[in-house]
Every structure is written in structure tokens, then in C-alpha cells.
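The primary structure of each chain is shown beneath.
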Amino acid sequence: MAYGQNRKSVLKVSGLKTYFFTSEGIIKAVDGVDFEVKQGEVLGLVGESGCGKSVSALSILRLVPIPPGRIVAGKVEFMGKDLLKLNEREMRKIRGKKISMIFQDPLTSLNPVLTIGYQLAEVFRFHKNLDRIKSLKESIDMLKATEIPSSEERVKQYPHAMSGGMRQRVMIAMSLACEPALLIADEPTTALDVTVQAQVLRLMKRLCRDRRTAALLITHDMGVVANMCQRVAVMYAGRVVEYADVFTLFNSPAHPYTEGLLRSLPRVGVKQKKLDTIEGQPPILNRLPPGCAFTPRCKYAKEKCKEAVPELVSIGKGHEVRCYFPISGEQK
Ligand SMILES: Nc1ncnc2c1ncn2[C@@H]1O[C@H](COP(=O)(O)OP(=O)(O)OP(=O)(O)O)[C@@H](O)[C@H]1O
Ligand SMILES: [Mg+2]
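For clarity, every value in this text was computed on a predicted model and none was experimentally measured. Note that residues are indexed from 1 along each chain, following the sequence as it is written. Chain labels run from A onward and ligand labels from 1 onward, assigned in the order the entries are written. Note on the predicted model: pLDDT of at least 70 is required for a residue's local features to be given, and 80 or more for side-chain atom pairs to be given and counted; whole-chain, interface and lining totals, by contrast, use all residues. Side-chain measures were taken over the full set of non-hydrogen atoms in the model, leaving aside hydrogen atoms and water.

Moving on, we come to the overall build of the chain. Helix and strand labels come from DSSP, where a helix needs a run of H or I of at least four residues and a strand needs a run of E of at least two; each type is numbered from the N terminus. If you tally the helices and strands in the chain, you get 11 helices and 12 strands. Taking 332 residues into account, the globule formula puts the C-alpha radius of gyration at 20 Å, and the chain, at 21 Å, falls close to it. The principal-axis extent of the C-alpha atoms belonging to the chain is close to 70 × 50 × 45 Å. Using a 1.4 Å probe on the protein chains alone, a residue whose accessible area is under 20% of its type maximum counts as buried, one over 50% counts as exposed, and one in between counts as partly exposed. Taking all 332 residues of the chain together, 48% fall into the buried category. With C-alpha atoms as the basis for the radius of gyration, the globule rule is written as 2.2 Å multiplied by the number of residues raised to the power 0.38.

Written as C-alpha cells, this is what we have:
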């Protein structure tokens, strides 16, 4: 049975397209994104810089700047409701309470002139209508859950008095405070060193598991994917090009781009003179070729690949790929 077949769907994104209408033309930042996050599951969204990961996340919460951006097509079903059809008032009730988001740099999300305690308590006051004393108590408990030592003291501090890792743990505390059904984490640990990164990821994994929160984890680090996610959507030039459970993706990648991504990772027990890289330049989103956007860099490309964009098709249980000539077992 494919992974998570019986679980309830929390988020289902289908045919999502978000474009930016600029003086240099239309930038198709997200141009056909489909994926699903089920209850208690962590879905990884991976791909190189500029492929549309953050814009996909912002589109889910309807936070894309309009203009120049606009969601031109698709559906974002959250617990069965299409978020793209809600009005702004209804959307505000979802953001932060039912879906929360953690950004890469916690300093930009925390207010420098307010104490950590005040900012955490505000979440409880706003979303749970708790009074001042109760919300402060909840804030201290939440900080304790994130393993921040001497929480009673820490709540009186300002963000600058904390290390990057601690600030990111505060952000995780804040984003899980209202027990959202979905957590979106956009490169939550990229700015941290590796040991702190491991601590923060462990914490996120534990809190999500304890609260059965589903998560969408955006990263370009395949190591983080292997450690955290059950399913993975690989993006290239604004589109999902491969979608699979983590085991299948690492063991039998079917899209040449995924294969390239995995080849550029160091492998234990394999003697490598140098790490492989994906040849060629990342695509320019307002000047994409008519066919598959990966064609100019693909070593398996044929004439057909230049003609039209392939559809995302199923090649196995829960395994989908957007390629006319997916890599099969014999090719590897
Ligand atoms: N406000 C904007 N105006 C115009 N173009 C934008 C805007 N925001 C994003 N883009 C474009 O959309 C594309 C996708 O950007 P996005 O931020 O989603 O990339 P990403 O996959 O998150 O990359 P990274 O890994 O670097 O964070 C990029 O080409 C970017 O230049
Ligand atoms: Mg990004």
C-alpha cells in the first residue's frame, strides 16, 4: 500500500499558477504545482534557488504581493475548503491559527522592540482570547516545550539577546502555539550552523509528531529531506517535476533533474574524486523554452522534449513524474 493512503488530506494544491507581471515580461514563478499533505505527514518541497518554492508557499496563504503578482489558476484546498475562494476576513482567521508559517530568518519575523514573552502571549491573546496572565503562562509553557532553558527569564528578553537557534525555536513555539493543522516552514534552518540546525529540526519533528501537525517543509538540502520528510515534491522552473515517497525518490529517481540533485550529494562508502554538478544554467522564468524546461541541461533529452511541456504522470504507486523519458531501473 502506498504511504499514507488512509490518512486524511490536510492540504491539496492542484494546478496552481502564480505569475508576476513585470516590465521585463511575465515571470511564471509557479506554473503548475500539484501536491498533497496528509495528516501527521511532512512533505518536502525541494529544488534550486528561484524555482518557485517560496512563491508556492506564499500563494497557499495568499500572501503574494499583488501587483506585480497574481494567482492565475489552480486550487488550494485546505481541509476541503478552497482557500483561493475565501475573502480576506476569512483568510485572516486561517493564517497563524490553522496554517502557520516559519520563515528563513527569524529576525525579520520577530519585532525587535517587544519582548519574546509579549510576542508569544499576543498569539494566545489574539487567537485564543486568553487574558494577560493566562497567555503569559501559556507562553512560558510553550517555551519550555521547545527546550529553551530558564523560560521564565527568557520571556522578559528582547529578540537580539537570543542566539539565532533560540530565535528560530521561539518562532517554532509561536507558530505551533495555536495548534495549527498545517505548518509551512520555508528554509527554517538555512541560516543556522549544522549542530543548531539538527537541534531545531529535531524539535520541529517532535512537536509536529506530538501534535499531529502536518507540515510542508521547504528546503534545498536533500539531507534535511531524508531526515524529516515522508514524501517529497521536486520543483524545477515553477513546476513539480517529480513527486514520490522519500524512499522511492532516493532509491529510484525517475526525473533526470532529481537524479542530478542526488548525484551532487556526497555518498558514504563510495569513493568520489569530485561531486557531480548539474551542468548548465538555471532557467530564466520569463524566457522558458516551449517544451520541458530542463531540456537544455538534460543528458537524456530528445527532440520530443523541446516540443511541449510533459504532463505529471503516474509511474508507480504514489510516484509521479513530469518527463517523456523517465529514468528506469536499467538506465541507472
Ligand atoms: N515580487 C516579485 N516580483 C517579481 N518576481 C518575483 C517576486 N517574488 C518572486 N519572484 C520571482 O519568482 C521566482 C520564484 O521565486 P521564489 O522566491 O519562489 O524562489 P525559491 O524557490 O523560494 O528560491 P530560494 O531557494 O532562493 O528561496 C524567482 O524567479 C523570483 O525572481
Ligand atoms: Mg525561497
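Don't stop here, the text continues.
Moving on, we get to the packing of helix H7 (residues 164-176) against helix H8 (residues 194-211). Each pair of packed helices gets described by two things: the angle between the helix axes and the distance between those axes. Contact geometry for H7 and H8: axes closest at 10 Å, N-to-C directions at 15 degrees. For the element pair H7 / H8, the angle class is roughly parallel. Considering the relative orientation of H7 and H8, their crossing is right-handed. For the pair H7 and H8, the contacting residues are Gly165, Gln168, Arg169, Ile172 and Leu176 in the first and Val196, Gln199, Val200, Leu203, Met204, Leu207 and Arg211 in the second. Where helices are involved, their axes are fitted lines through C-alpha atoms of the stretch in contact, as for all axes, and angles between N-to-C directions lie from 0 to 180°. Each angle gets one of four labels, with under 35 degrees taken as roughly parallel, over 145 as roughly antiparallel, 65 to 115 as roughly perpendicular, and the rest as oblique. Note on convention: near helix rotated counterclockwise from far helix by under a right angle means a left-handed crossing. Clockwise means right-handed. Residue contacts are counted whenever heavy atoms from the two residues lie within 4.5 Å of one another.

This next bit is on the site of ligand 1. Within the structure, ligand 1 sits among 15 residues, and Ser49, Gly50, Lys53, Ser54 and Val55 are positioned closest to it. Counted as a polar contact is a pair of N or O atoms within 3.5 Å, where, for protein atoms, one must be capable of donating a hydrogen and the other of accepting one, and residues adjacent in sequence contribute only when both atoms are in side chains. Measuring from an oxygen atom of ligand 1, one finds a backbone N or O atom of Cys51 at 3.2 Å. Contact between ligand 1 and Val55: an oxygen atom at 2.8 Å from a main-chain N or O atom of the residue. To be clear on the numbers: accessible area is Shrake-Rupley with a 1.4 Å probe, and residue cover counts the displayed protein chains and nothing else. Contact with the protein chains hides 67% of the accessible area of ligand 1, taken as 640 Å² for the molecule alone. For the shell around ligand 1, the secondary structure elements donating two or more residues are strand S2 (25-38) and helix H1 (53-60). Considering every element that reaches the shell around ligand 1, the biggest residue donor is H1, with 3 residues. Of the residues belonging to the shell around ligand 1, the class tally is 8 nonpolar, 4 polar and 3 charged. Definition of nearness: a residue and a molecule or strand are near each other if at least one heavy atom of the residue lies within 4 Å of the molecule or strand. Any residue outside Ala, Val, Leu, Ile, Met, Phe, Trp, Tyr, Cys, Pro, Asp, Glu, Lys and Arg is labelled polar, Gly included; the first ten of those are nonpolar and the last four are charged.

We now examine the layout of surface pockets. Each pocket or cavity is described by its volume, and for the largest pocket that value is around 590 Å³. Lining the largest pocket are 19 residues, with Arg95, Gly96, Val123, His127 and Met174 sitting closest to its centre. At the level of secondary structure, the elements contributing two or more residues to the lining of the largest pocket comprise strand S6 (99-102), helix H4 (116-128) and H7. Residue contributions to the lining of the largest pocket peak at 5 residues, all from H4. Classifying every residue of the lining of the largest pocket gives 9 nonpolar, 7 polar and 3 charged. Grid points spaced at 1 Å over the protein atoms alone were grouped into cavities, where a 1.4 Å probe fits but cannot get out, and pockets, open sets with protein on both sides within 12 Å along at least five of seven lines, with lining residues defined by an atom within 4 Å of a point. Grid points are joined across faces, edges and corners, and a volume is the space filled by probe spheres set on the points.

Buried together is how nonpolar side chains tend to be arranged in soluble globular proteins. By nonpolar core we mean a set of buried residues, namely Ala, Val, Leu, Ile, Met, Phe, Trp, Tyr and Cys, connected to one another through side-chain atoms within 4.5 Å. Counting 57 residues, the largest nonpolar core has Val170, Ile172, Leu217 and Val234 as the members making the most contacts within it. Sort the elements by how many residues they give to this core and H7 lands first, with 7 residues. Counting residues in each nonpolar core, the second largest holds 36 residues, with Val37, Leu86, Ile99 and Val240 among its members.

On to the sheet that holds strand S1 (residues 9-22). Here 4 strands make up an open sheet; going across it, the order is S2-S1-S4-S5 and the pairing antiparallel. What marks the edges here is a single partner per strand, and that holds for S2 and strand S5 (81-82). Strand direction decides the pairing type here: S1 and S2, joined by 10 bridges, are antiparallel. Note that in S2 the partner of Leu16 across the bridge is Val33. This element, H1, spans S1, S2 and strand S4 (69-78) of the sheet and lies at about 115 degrees to S1. At least two DSSP bridges between two strands are required for those strands to pair.

Attention now moves to a nonpolar patch on the surface. Like charges within 9 Å and nonpolar side chains (Val, Leu, Ile, Met, Phe, Trp, Tyr) within 5 Å are joined into patches, using only residues over 30% in relative accessible area that form no salt bridge. A side-chain nitrogen of Lys or Arg and a carboxyl oxygen of Asp or Glu constitute a salt bridge if their distance falls within 4 Å. On the surface, Phe21, Ile26 and Val72 cluster together into a nonpolar patch covering about 220 Å² of accessible area. With respect to the helices and strands, Val72 occurs in strand S4.

In an α-helix there are 3.6 residues to a turn, and that puts residues three or four apart on one side. Here helix H11 (residues 256-263) lies mainly inside the structure; 7 of its 8 residues are buried. Those residues of H11 not exposed but buried are Pro256, Tyr257, Thr258, Glu259, Gly260, Leu261 and Leu262. Turning to H11, the residues buried within the fold contact helix H9 (222-228), strand S9 (231-236), strand S10 (239-245) and helix H10 (246-251).

This part takes up the sheet that holds strand S11 (residues 313-316). Spatially, 8 strands are ordered S6-S7-S8-S3-S9-S10-S12-S11 in an open sheet, and the strand pairing comes out mixed. Whereas interior strands pair on both sides, the edge strands pair on one side only; in this sheet they are S6 and S11. Adjacent strand axes in the sheet meet at a mean angle of 20 degrees when their direction is disregarded. Here H1 sits on the sheet and contacts strand S3 (42-46), S6, strand S7 (182-186), strand S8 (214-219) and S9; the angle it forms with S8, its principal contact strand, is near 150 degrees. H7 rests against S6 and S7 of the sheet, and its axis sits at about 170 degrees to S6.

Just geometry here; none of it tells us what the structure is for.
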